[in-house]
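Commentary on secondary and tertiary structure
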Amino acid sequence: MPEISKERGALRWRPRLSIATKVAAALIVASLLLSACGIRRFLGPRAEPTAVEEEADETLSRLIERAKEDLVQATSAEADEIILVSTEEVEWGDTSLDCPYPDEMYAQMITPGYVIVLESGGTTYDFHTGADPEGPLVQCTEDGTPAGVAAVPTEEPAEETQMVADDVLPRLIERATEDLMQATSAESDAISVVSTEEVEWSDTSLGCQEPNKMYAQMITPGYLIVLESDGNTYDYHTGNDPEGPLVHCTEDGTPASAALTLPTESVGVITMDEGALTLLIERAKEDLVQATGAESDAVTVVSTEEVEWSDSSLGCPDPDAMYAQVITPGYLIVLESDGNTFNYHTGADPEGPLVQCTEDGTPAASEMVEVAIQMVAEDVLSRLIERATEDLIQATSAAADKITVVSTEEVEWSDTSLGCPEPDGMYAQMITPGYLIVLETGSETYKYHSGTDPEGPLVQCNLEADSEE
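Residues numbered from 1 in each chain as written. Predicted model: local features only at pLDDT ≥ 70, side-chain atom pairs only at ≥ 80, totals over all residues. Heavy atoms only, no water.

**Description of the overall build of the protein**
Along its length, the protein carries seven helices and 16 strands. Counting every position in the protein, which comprises 469 residues, the buried fraction comes to 33%. In the protein, the proportion of contacts linking residues at least 24 apart, taken out of those at least 6 apart, comes to 53%. (Helix = DSSP H or I, 4+ residues; strand = E, 2+ residues; numbered from the N terminus. Buried < 20%, exposed > 50% of the residue type's maximum accessible area, 1.4 Å probe, protein only. Contact = heavy atoms within 4.5 Å.)

Structure below.
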């Protein structure tokens, strides 16, 4: 047999690795490589938090700090006894932060913020906040109102109010007694108080009107003081100012005499006199000269009549105006010029309201006002169409003469998005008047939504936005 060399023998008898062994070895090597990568990642530079995250963290930290300070003041707890239980980022349904004061109104708009729950002495406290670190923050009770609300109607303010009332009434009784002494020459010890009653008068006459005076139609709190002297009773009507109006009122509901109505000049007295009428006629003539271009000596007075208008419109209301529902004394002055008559309605104040009234019972200037408003509206719409056209030229590179106006429509958008909200935008929930302008170029139509400000918001709204609306 030929002799086998040692080298060949060594190669021949080297043990062969099985497939399973090779697979196991490969897995071990891969595992070691992955571990090494992980170690490198762990030892390598970590990703820094973004500016937005840092800002949010700082905001929340500041709000937590403020909530703790508030709780320290409210409960007298030590700062180190207050524990942060939880925080939650929320979106409140309106600006009340879901914790409204009963008598307040809030903007109906999504308001981002936080719920911060603190604990002190085994009790938890909820704080509702906005997203501004120095903005609104309120401790909210279980009934969904601010913590301070329950503490408002305490007995102390009521006591204080009673003390004020007690000071006011004695002074008013003292003044009424002095007035009655002057009016009847009675001695002070012969005058006694029969009764006092807290009342709310329907106007500033204090329930005791002089026939030729005008009074503000407003609830006026005060007192009814009944005095007695020598078997007769006397009613005094007052306000709640100890030095304010006080009047001795007779059985027929009028003041006993002008001398007894102390400071009633403040209620607004208007007297009718010939001098006032003369000046009002002069003003009416001047107005007619300006309105018609007539010569002043061609304007004659047909008639004048003293009247009481049913409200402050002087019997000639502007359709879009509101008027005080109070009897308003004044005049109806009828002038003539070039065969035409002109009615002027006035008050009793020679320098006060005066209006030329047309046959339909509205001011002669109303037509001109409506025309002026229409002209303004047309100017606004023209400018908005011009801006929409410029925008479309830039967006489509179309020539100006290739763009036509399909339609314009005056609308009221339901919020400040103008009916075209961005998905992540926030908008005030308020009726916003404006226009829908539809333009066309190259057989394509484009919708523009705007407000009523010719230089204000204007947005091209695509079909997607329309369908969302």
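**Section: the sheet that holds strand β16 (residues 458-461)**
If you walk across this open sheet you meet the four strands as β13-β14-β15-β16, and the pairing is antiparallel. Each edge of the open sheet carries a strand with a single partner, namely β13 (404-413) and β16. Going from strand to strand, the sheet's axes swing by 25° on average, the running direction of each strand aside. (Pairing = 2+ DSSP bridges. Axes fitted to C-alpha atoms, helices over the stretch in contact; angles between N-to-C directions.)

**Notes on a negative patch on the surface**
A grouping of Glu 54, Glu 55, Asp 57 and Glu 58 is seen on the molecular surface, where their side chains present a negatively charged patch. Note that Glu 58 resides in helix α3 (residues 51-75). (Patch = residues over 30% accessible without salt bridge, like charges linked within 9 Å, V, L, I, M, F, W, Y side chains within 5 Å. Areas by Shrake-Rupley, 256 points an atom, 1.4 Å probe, with all protein chains shown as cover. Salt bridge = Lys/Arg side-chain N within 4 Å of Asp/Glu carboxyl O. Lys, Arg positive; Asp, Glu negative; His and termini not counted. Charge placed at Lys NZ, Arg CZ, Asp CG, Glu CD.)

**Regarding the state of the cysteines**
Tallied over the full model, the rule gives four disulfides. A sulfur-sulfur distance of 2.2 Å marks the disulfide that ties Cys 208 to Cys 249. On the sign convention where negative is left-handed, the bridge of Cys 208 and Cys 249, at about 105° about the S-S bond, is right-handed. Of this pair, Cys 208 sits in the loop between β5 (191-201) and β6 (220-229) while Cys 249 sits in strand β8 (residues 246-249); the two residues are 41 residues apart in sequence, bridging distant segments of the chain. (Disulfide = S-S within 2.5 Å.)

**Description of the sheet that holds strand β2 (residues 111-120)**
Pairing is antiparallel in the open sheet, where four strands are placed in the order β1-β2-β3-β4. Edge positions in the sheet fall to β1 (83-92) and β4 (137-140), since each of these pairs with one other strand and no more. The sheet shows a mean angle of 25° between the axes of neighbouring strands, direction not considered. Note that β1 and β2 share nine bridges and pair antiparallel. Counterpart to Val 90 in the pairing with β2 is Gly 113.

**Overview of the pairing of strand β11 (residues 340-347)**
Put simply, side chains in a regular strand alternate between the two faces of the sheet. Where strand β10 (residues 328-337) meets β11, eight bridges bridge the pair, whose relative direction is antiparallel. Looking across to β11, one finds that Ser 337 is bridged to Asn 340. Hairpin connection of β10 to β11: two residues between the antiparallel strands, including Asp 338 at a positive phi of 55°. The sheet contact formed by β11 and strand β12 (residues 354-357) spans four bridges and is antiparallel. Bridged to Asn 343 within β12 is Cys 357.

**Quick notes on the pattern of salt bridges**
What the rule picks out here adds up to six salt bridges. A salt bridge links Arg 383 to Glu 386; its shortest N-O distance comes to 3.4 Å. Placement of the pair is Arg 383 and Glu 386 together in helix α6 (residues 365-396), with a separation of three residues, close to one helical turn. Notably, a salt bridge pairs Glu 455 with Arg 383, separated by 2.6 Å at the nearest N-O pair. One end of the pair, Glu 455, is in the loop between β15 (444-450) and β16; the other, Arg 383, is in helix α6, with 72 residues separating them in the sequence. Arg 383 gets classed as partly exposed once you look at its relative accessible area, which sits at 23%. Counted as one network, the salt bridges with shared partners bring together Arg 62, Glu 65 and Glu 134.

**Observations concerning the pairing of β6**
Along β6, eight of the 10 residues are buried, which leaves the element largely enclosed by surrounding structure. Bridging between β5 and β6 involves 10 bridges; their strand directions are antiparallel. Following the sheet pairing, Thr 196 is matched in β6 by Ile 225. Here β6 runs beside strand β7 (residues 232-239); their pairing, made up of eight bridges, is antiparallel. In the strand pairing of β7, Ser 229 is matched with Asn 232. Between the antiparallel neighbours β6 and β7 lie two residues, among them Asp 230 with a positive phi of about 55°.

**Thoughts on the side chain of Ser 120**
Tracing the chain through its elements places Ser 120 in strand β2. Non-local contacts of Ser 120, meaning those with residues more than four positions away in its chain, are made with Leu 71, Ala 77, Glu 81, Ile 82 and Tyr 125.

**As for the side chain of Thr 328**
Along the chain, Thr 328 falls in strand β10. In this structure the side chain of Thr 328 is engaged in a polar contact, spanning 3.3 Å, whose partner is the backbone oxygen of Asp 311. (Polar contact = N/O pair within 3.5 Å; in protein donor to acceptor, adjacent residues only side chain to side chain.)

**Re unusual backbone geometry**
With phi around 65°, Ser 76 is a residue other than glycine that occupies positive phi space. Looking at where Ser 76 falls in the secondary structure, it is placed in the loop between α3 and β1. The phi angle at Asp 230 is positive, at roughly 55°, despite the residue not being glycine. Relative to the elements of secondary structure, Asp 230 occurs in the loop between β6 and β7.

**Some thoughts on the confidence of the model for the protein**
Model confidence for the protein is summarised by a mean pLDDT of 79, while 74% of its residues fall at 70 or above. The low-confidence segment residues 7-13 (pLDDT under 50) makes two contacts with residues lying over four places distant or belonging to another chain. pLDDT under 50 marks residues 150-158. Its contacts with residues more than four places away, or in other chains, come to one contact. (pLDDT = per-residue confidence, 0-100.)

**Examining the environment of Ala 395**
For Ala 395, the position within the fold is in helix α6. What makes Ala 395 exposed here is its relative accessible area of 53%. C-alpha of Ala 395 to C-alpha of Gln 460: the two residues are 65 residues apart in sequence and 10.0 Å apart in space.

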